[in-house]
Amino acid sequence: MDTDPAMANFKVLFVLTQLIGLTMIVLMGCWIGVHMGGLAGTSNPSIEFNWHPLLMTIGLIFLYGNAILVYRGFRSLRKKTLKLCHAAVHVVAFVLTVLALVAVFDSHNLRSEPIPNMYSLHSWLGLAAVIMFCLQYVAGFAAFLAPGAKQSVRAALLPIHVYFGLFGFILAIAAALMGITEKAIFSVKDYSNLPSSGVMVNLCGVLYVIFGALVVYLVTNPNYKRKPLPEDTVLLTSAND
């Protein structure tokens, strides 16, 4: 696999994806720290909100995307190890997503004049992405990680799992783009004149799109598909798989 010319391209694009993802997180942190008042707890609900875009960027975009890439980015590991890594990264993403949701609901409900919840298209699509993420995890755990499922059932469910995993990831990015645009319209002074705060939030959105496009490309390009290892064949015929 190391001598495959396609893998040289994959490694370059994989590293580029990680750099863009990390830049996306740093830029979101800078936007929050420099222009949005930083971070706070429940004592300051309007600032507590800032945990929401930061944790969603880390959890439901960066970690979600990397969980999808685990099988291709670490192809030399055994299949069972990759399954555990895939599941573990999703768990961390789920925890951060829950904390992000707590922050946004607190920021609405704990104000002196509460703000209504779940009225915008961003909130609808965002909640749909979270629900799909959770259903995907439960279904994937039951079908591919928990013992007992037949190999024929796993083979039949795999394309469905892959499709809805990618769809949920794209949906999360779409919801994030709506969310940061909505926040910018409400919070950035003279947004139409493109101040530095507006430039930063727009760049965050551009990085969301580039990161998402690279993840989808890397995971759907057949040239980059992980080739089974000899021990994978042993696992498939083992009762413990």
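Residues numbered from 1 in each chain as written. Predicted model: local features only at pLDDT ≥ 70, side-chain atom pairs only at ≥ 80, totals over all residues. Heavy atoms only, no water.

**Things to note about the nonpolar core**
One broad trend across soluble globular proteins is that nonpolar side chains are buried collectively.
Working step 1: Within the largest apolar cluster, 49 residues are counted, with the highest numbers of intra-cluster contacts made by Met28, Trp31, Leu60, Tyr208 and Phe211.
Working step 2: Going through the elements one at a time, helix H1 (5-35), helix H3 (51-73), helix H4 (79-109), helix H5 (121-145), helix H6 (151-187) and helix H7 (196-220) are the ones with two or more residues in this core.
Working step 3: A total of 12 residues in this core trace back to one element, the largest contributor, which is H1.
Working step 4: Apart from residues no more than four positions distant in its own chain, Phe211 is found in contact with Thr17, Ile20, Gly21, Met24, Ile61, Phe62, Gly65, Asn66 and Phe169. (Core = buried A, V, L, I, M, F, W, Y, C linked by side-chain atoms within 4.5 Å. Buried < 20%, exposed > 50% of the residue type's maximum accessible area, 1.4 Å probe, protein only. Helix = DSSP H or I, 4+ residues; strand = E, 2+ residues; numbered from the N terminus. Contact = heavy atoms within 4.5 Å.)

**Things to note about the side chain of His122**
Working step 1: Tracing the sequence through the fold places His122 in helix H5.
Working step 2: Engagement of the side chain of His122 in a polar contact is seen with the backbone oxygen of Ala175, the distance being 2.7 Å.
Working step 3: The residues touching His122, leaving out its near neighbours within four places in the chain, are His52, Ala175, Met178, Gly179 and Glu182. (Polar contact = N/O pair within 3.5 Å; in protein donor to acceptor, adjacent residues only side chain to side chain.)

**Comments concerning the environment of Lys225**
Working step 1: Of note, Lys225 is situated in the loop between H7 and helix H8 (230-236).
Working step 2: The contact partners of Lys225, leaving out residues within four places of it in the chain, are Arg72 and Arg75.

**What to know about the UniProt feature "transmembrane region" (unreviewed entry) in the protein chain**
Working step 1: Within this numbering scheme, the UniProt entry marks residues 12-34, 54-72, 84-105, 125-146, 158-180 and 200-219 as carrying the feature "transmembrane region" (unreviewed entry).
Working step 2: The straight-line gap between the two end C-alpha atoms of residues 12-34 is 32 Å; of that span, 100% is helix and 0% is strand.
Working step 3: Helix makes up 100% of residues 200-219 and strand 0%, and the two end C-alpha atoms of the span are 29 Å apart. (UniProt positions renumbered as here; feature names shortened; annotations may be inferred.)

**Quick notes on the environment of Pro230**
Working step 1: Here Pro230 is to be found in helix H8.
Working step 2: Remark: the alpha-carbon pair of Pro230 and Arg78, spanning 152 residues in sequence, is separated by 9.2 Å.

**Focus on the UniProt feature "domain: Cytochrome b561" (unreviewed entry) in the protein chain**
Working step 1: The feature "domain: Cytochrome b561" (unreviewed entry), as given by UniProt, occupies residues 16-220 in the numbering adopted here.
Working step 2: The span residues 16-220 carries 80% helix and 0% strand; its end-to-end C-alpha distance comes to 17 Å.

**Focus on the layout of surface pockets**
Working step 1: Considered as a void within the structure, the second largest pocket measures approximately 690 Å³ in volume.
Working step 2: Going through the elements one at a time, H3, H4, H5 and H6 are the ones with two or more residues in the lining of the second largest pocket.
Working step 3: Top contributing element to the lining of the second largest pocket by residue count: H6, with eight residues. (1 Å grid on protein atoms, 1.4 Å probe; cavity = no way out; pocket = protein on both sides within 12 Å on 5 of 7 lines; lining within 4 Å. Points joined across faces, edges and corners; volume = space filled by probe spheres on them.)

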